[in-house]
Number of protein chains: 2
Amino acid sequence: MELNNTTICAPATSGGGAIAIIRVSGDKAIEVLCRYFFSHGKSVDPSSLKGYTLHHGSIIDGDEFIDDVLVSVFRSPLSYTGEEMVEISCHASSHIQQRLLRLLISNGIAAASPGEFTMRAFMNGKMDLSQAEAVADIIASESEAAHRLAANQLRGGFSAEITKLRNQLVEFASLVELELDFSEEDVEFADRVSMTMKISETKELVDSLASSFRLGNVIRNGIPVVIAGRPNVGKSSLLNALLKEERAIVSDIPGTTRDYIEGAVHLGGLLYRFIDTAGLRESGDFIEALGIERTLKKIDEAEVIIILVEAYDSTEYISAFAGSVMEKASIKNKKVILVANKSDLLPEQDIYTLSRSFEEAAALPVLFISATAGTGIDELKEFLVKSVDLSHLETPQYIVTNARHYQALTATSEALTEVINGFENHIPTELVAMDLRQAIYHLGEITGQITSDEILGEIFSKFCIGK
Amino acid sequence: MELNNTTICAPATSGGGAIAIIRVSGDKAIEVLCRYFFSHGKSVDPSSLKGYTLHHGSIIDGDEFIDDVLVSVFRSPLSYTGEEMVEISCHASSHIQQRLLRLLISNGIAAASPGEFTMRAFMNGKMDLSQAEAVADIIASESEAAHRLAANQLRGGFSAEITKLRNQLVEFASLVELELDFSEEDVEFADRVSMTMKISETKELVDSLASSFRLGNVIRNGIPVVIAGRPNVGKSSLLNALLKEERAIVSDIPGTTRDYIEGAVHLGGLLYRFIDTAGLRESGDFIEALGIERTLKKIDEAEVIIILVEAYDSTEYISAFAGSVMEKASIKNKKVILVANKSDLLPEQDIYTLSRSFEEAAALPVLFISATAGTGIDELKEFLVKSVDLSHLETPQYIVTNARHYQALTATSEALTEVINGFENHIPTELVAMDLRQAIYHLGEITGQITSDEILGEIFSKFCIGK
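Residues numbered from 1 in each chain as written. Chains lettered and ligands numbered in written order. Predicted model: local features only at pLDDT ≥ 70, side-chain atom pairs only at ≥ 80, totals over all residues. Heavy atoms only, no water.

J.: Help me out: how do you make sense of the relation of the copies chain B and chain A in this one?
T.: Two copies of one chain are present, and they are related through a rotation about an axis combined with an axial shift. Structural alignment of chain B on chain A gives an RMSD of 0.1 Å, achieved by rotating through 180° and translating 0.0 Å along the axis. Expressed as an axis order, the relation between the two copies is that of a two-fold axis. Rotation axis and chain B: the residue whose C-alpha lies nearest the axis is T53 of chain B, separated from it by 2.2 Å. Mapped onto chain A, 96% of the interface residues of chain B again fall at the interface, so both copies present the same surface. (Least-squares fit on C-alpha atoms with pLDDT ≥ 70 in both. Contact = heavy atoms within 4.5 Å.)

Rendered as C-alpha cells:
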C-alpha cells in the first residue's frame, strides 16, 4: 500500500454537540486553509503559521461568511499523521460542516476514507500497526478494563512485548542461517538441545499471549451473560434490578448492538452484556416454554449463565432444567449460577434448607433473590465480578484483545511447534529455518513489520471516519 | 445574575466520532490541568503555557494513564468566555470522557450547565445577548438560509441595527427629558410635529422587523408543508419522490422532531418539513377518510398546503375537497396548490383539458404529476421554492428569527404608538417620556443592555451542554 500525496479531509466529531472538528492532512492543508481563513479581517500568510499554535478567525468564501472558527496548526513531521495538518473547530451545525467539507473538496482536497489519518500515521512511522489498531480500540472502549488494555497497546507496551519475542526468534534464526551458509562444512553452531529449550520457552510465551485472547476479547467487548429461565420466572425484573441506576450510562454507549443486547452494566471496571433470549417470552407451548432450546443456542455466546428459577419450584424441575443447561454449558467452561427468584414469597427460615436441596439438585452454587424487592442483587453482582479472573490485568501487556493478533500468535505457535519437532526429529536445517522464518513473519504481522495491502485495508476500514 | 468565580467543565462534542473535546473555563482551569498533564513525560509549569498554543501529552492520574491528549490553552481575556480556558482533545471514548470529567470535578471544578460558557462570554462583555443567542442558532442551523441569518446575527449585524434604532430613541428621549428638566419654564425644545414624524419612521422600522419574524421563523425552523389527501391517493409516493436523494442529508440532521415530521428536503437553501398527517391512513370510514378533519387541524401549522387528488377524480369531488381545505387555509394566507397524481394513467392529450376544469373547480393552481413515474416532481419543487419570498434575505439584518426578539419588538412598537398618540393628543410630557423609556427598555432587552436573571436563565437553558 503506497501513500498517495493527496491532501485529505474529514469531520473528526460526530453530529450534535457544540463544537465540530474538521481534520485536514497533507501538503496542501495549510495553504488551502489560508485561501479562506481571515484573522482579524486580514488574510493570513501560510508560512507565518507555526506548528502547535491556535488561530481565531473566520472562514469566508468570496462574500459568503461561513463560520467563526478556531484553527489548530501542525507542521510536518510533528503532527498526528506526520504530515502538515490543520484542525478546524467550527460550530457543530451539519450545514456548516458540509459547507466546509465542500469548500475543501472543491480545492482538490480528497474526502478521507475511514482510518486514513491513522493509516498515514502508521505509513509515516508515527506508530506501529498494533498501536494504530489500539487507536480504534481506545475510542470504542466502554469500560475501565477495556480502556486500560487499549491504552497500554496504544503506548506500545504490547508492541514491545511482541518485538522482544520476535528479536529472540531472529537471533535463533541468524544462528541457524549461519549454519546454512557453512552447510557444506557440516558445522553445527547452535546447540540443538539448548536451542530447543529456548524456543520452547518462547513458544510458551506466545501460547500464553494467545490464550489470553479469550479474556482480552471479553474485556474488550464486554462479558456476555445469558439468563436462562422459563417465561414469568422474573427475567425482566432481574434485568431491571441489575441495570438499575446504570441505564443512563448504558444508553450513552455508541455502537452497542441493541438488537441482540438487552442491557449492559458496568461492574468492577468491566462491562457485562446481557444477551437477548427474547424468544422465550413468546412461546405458549410448555416444553418450548422451558426455554431450553432457544437458550441453549445462546449459551455458546455467553461467558456467564444465570439459571433463573422460582424459589418454590420443585427440586425435580430444577434438577431437570439445570441439567439440560449444564449439559451444554459445562463442556465449554462457562461460569454458571442457579438463581432462585421470588424468595420474598417464602418464609425466611425455609430458605436455608431449600438452598441446600437446590444446590444438590442442580450441582451448582445457588443464590436466593427477590428481583422486585431487590434482595440478593448485590450478591449476584459480586458473583458476576468474580466470574472473570482479572489477575492477568496486573500485567496488561500479556493480554491479547485483537482477533488478528490472536490468529498471528496461533500461527506463530504452530510454526514454532514445527521448529521444535524439526530439531527433535533431526529434520534438515533448511526446513527448520523455513519454519523459523514463518514464525518470525507471523509475529511481524502484529506490529506491521510485515504487512500486505489487503491486511491494511481490512484493518483501517473498521475505523471511524476522521481518525 | 452574577458570575460566580467557579471554574466549569463540560464535554463540547457529542458521543461518537474520533475526537472529543472537554472544555474548562475559569481561574483554576490551567492550574488543575497541569496537575495531571505530562508533556514528553514531564510535568508542565502552568505559567509556561501561553495563550493560543497547543500541547501534546498525556493525562495521568497517579499511576493511571487516562489518555493521550492535545490541549489548547487560552489566556484571559483572549478566550471564548473571556476567562482562562483549556480545551482537552481526547479520544472519543465515553469511558475516557467520563473519567476526565470525574477527574476535573474531583479537583473542585463544577460541571457546567447548558450554555454556561456562552453566558460567561456575555457576562464578560465578549458578545451581546443577541449574539449569544445566535451561537445556539448557528449550531442548530440546518439550511443555508437559516445559517445565513444566524451568522449575520452572530457577527453583530442584527445587534447593530437594533442599537441604531435604540440610539435614535435615546436621542428623542433626551430632548423630551430636557424639557422635563425645564418644565416649570414651559419651554418646548423639540418640535412635536417633526418628532412625531421621526418616531413614526422608527416605529415603521421596528414594525418591519417584527413582521419579518414570520419569514425568519420558517427560515430558522424550516417551512412546514402539509399534504392533504384521502388514503391511497399517493401521499407516500409523493413524499418519497420529493425526498429522493435527500434522505441521507435529512437523517443526519440532529434534533429533528421525528414524531411529527415525515421527512424534510432542502430546496433553494431552505428546509421544507413535511408535517405528519398519518391519521389519514388509518381511517376506514369514508367521510373521515376524506381526511378533511384531521388535515385541517394540521393546516394551522403549515405555510404550504399541497392538496393531493387523483388525475381521474371528478370535478365535483375536487371542488368539494379543495373547498373544505381552502375554507380554512385561505384566511391564514397559506400557499396552496392542487396536485393531481397518477397522471400517467390518463391519455396525455386529456391532461390539458382536465387541468383547466380542475383549476376552475378548485380555484387554485393545478399541477399534474405521477409520483411513481417521477413526472412533475421538479415543477412541484419549483412551486415550493417560489412559495417563500426570500427577497428580504438580501438584507438579512432585517429578519427576526427569535421569538423573544419578536416579542420585544412588538412591545417596542406598542410603546411607540403610545408616544405618537401622546404627542397627537397633547398628553403631558411626563407620560410621553415614560412610554418612550418603555420603548427603549424593550429594544435594550434584545441586545441584553437590559436583562433580568429570569430572562438569562431562560435563554441559556436552551443551549446544549459545553457551549
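J.: Explain unusual backbone geometry to me, please; I cannot follow it from the model alone.
T.: Peptide bonds are trans in most cases, and residues, glycine excluded, mostly fall at negative phi. Residues and elements named next belong to chain A. The residue after S76, namely P77, is reached through a cis peptide bond having omega 0°. With respect to the element layout, P77 can be found in the loop between strand 6 (64-74) and strand 7 (85-91). Of note in the backbone geometry, H40 takes a positive phi value of approximately 50° without being a glycine. Mapped onto the secondary structure, H40 falls in the loop between strand 3 (37-39) and strand 4 (42-43). A positive phi angle is found at H426, which is not glycine, with a value near 55°. Considering the arrangement of structural elements, one finds H426 in the loop between helix 17 (403-424) and helix 18 (429-447). Classification of H426 by relative accessible area gives exposed; the value is 69%. (Helix = DSSP H or I, 4+ residues; strand = E, 2+ residues; numbered from the N terminus. Buried < 20%, exposed > 50% of the residue type's maximum accessible area, 1.4 Å probe, protein only.)

J.: Just to check I follow, could you spell out the pattern of salt bridges for this structure?
T.: Proximity of charged atoms lets side chains of opposite charge pair with each other. All names here are of chain A. Summed over all chains, the structure comprises 30 salt bridges over all chains. The closest approach of N and O atoms between E31 and R35, which form a salt bridge, is 2.7 Å. Taken together, the positions of E31 and R35, both in helix 1 (residues 29-36) and four residues apart, correspond to about one turn of that helix. Given the relative accessible area of 37%, R35 is considered partly exposed. Between K342 and E310 there is a salt bridge, with its nearest N and O atoms 2.6 Å apart. Placement of K342 in the loop between strand 13 (335-341) and helix 15 (348-362) and of E310 in strand 12 (residues 304-310) is noted, with a sequence separation of 32 residues between them. (Salt bridge = Lys/Arg side-chain N within 4 Å of Asp/Glu carboxyl O.)

J.: How should I be thinking about the domain arrangement of chain A in this particular structure?
T.: Residues and elements named next belong to chain A. One can read the domain layout of chain A as domain 1 (8-128), domain 2 (134-212 + 400-448) and domain 3 (218-392). Just the C-alpha atoms count here: the centres of domain 1 and domain 2 sit 41 Å apart. Taken over both partners, the interface formed by domain 1 and domain 2 buries close to 320 Å², and the fraction arising from carbon and sulfur atoms is 57%. The interface formed by domain 1 and domain 2 holds zero salt bridges in total. (Domains from an automatic or database assignment. Buried area = accessible area lost by both parts, 1.4 Å probe.)

J.: Explanation requested: helix 7 (residues 192-211) of chain B in the structure shown.
T.: Residue and element names in this part refer to chain B. For helix 7, spanning 20 residues, the distance from its first C-alpha to its last is 28 Å, which sits close to the expected 28 Å at 1.5 Å a residue. For helix 7, every residue scored as buried is listed here: R192, M195, T196, I199, T202, K203, V206, L209 and A210. Down the axis of helix 7, the buried set is contained in an arc of 135°. They therefore lie on one face. More than 90 degrees from the buried face of helix 7, the exposed residues found are V193, M197, E204 and S211. On its buried side, helix 7 packs onto helix 6 (157-181), helix 8 (213-221), helix 17 (403-424) and helix 18 (429-447). (Expected span 1.5 Å × (residues − 1). Arc of directions from axis to C-beta.)

J.: How should I be thinking about the interface of chain B and chain A in this particular structure?
T.: Interface size is commonly expressed as the accessible surface area that is lost when the partners come together. Taken together, the 49 residues of chain B in the interface contact 48 residues of chain A. Contact between chain B and chain A buries roughly 3,900 Å² in total, counting both sides, with carbon and sulfur atoms accounting for 64%. Sorting the residues of chain B by area buried against chain A places I19, Y52 and L54 of chain B first, and these three jointly supply 16% of that buried surface. Summed over the shared surface of chain B and chain A, the result is zero salt bridges. If you look at where chain B meets chain A, you find ten residue pairs in polar contact (both at pLDDT 80 or more). Of all the secondary structure elements, the ones that give two or more residues to the side of chain B that touches chain A are strand 2 (19-25), strand 5 (53-61), strand 6 (64-74), strand 7 (85-91), helix 2 (94-106), helix 4 (129-140) and helix 5 (144-154) of chain B. Per element, the largest residue contribution to the side of chain B that touches chain A is eight residues, and it comes from strand 6 of chain B. Across the side of chain B that touches chain A, the residue classes break down as 24 nonpolar, 17 polar and eight charged. (Polar contact = N/O pair within 3.5 Å; in protein donor to acceptor, adjacent residues only side chain to side chain. Nonpolar A, V, L, I, M, F, W, Y, C, P; charged D, E, K, R; others polar.)

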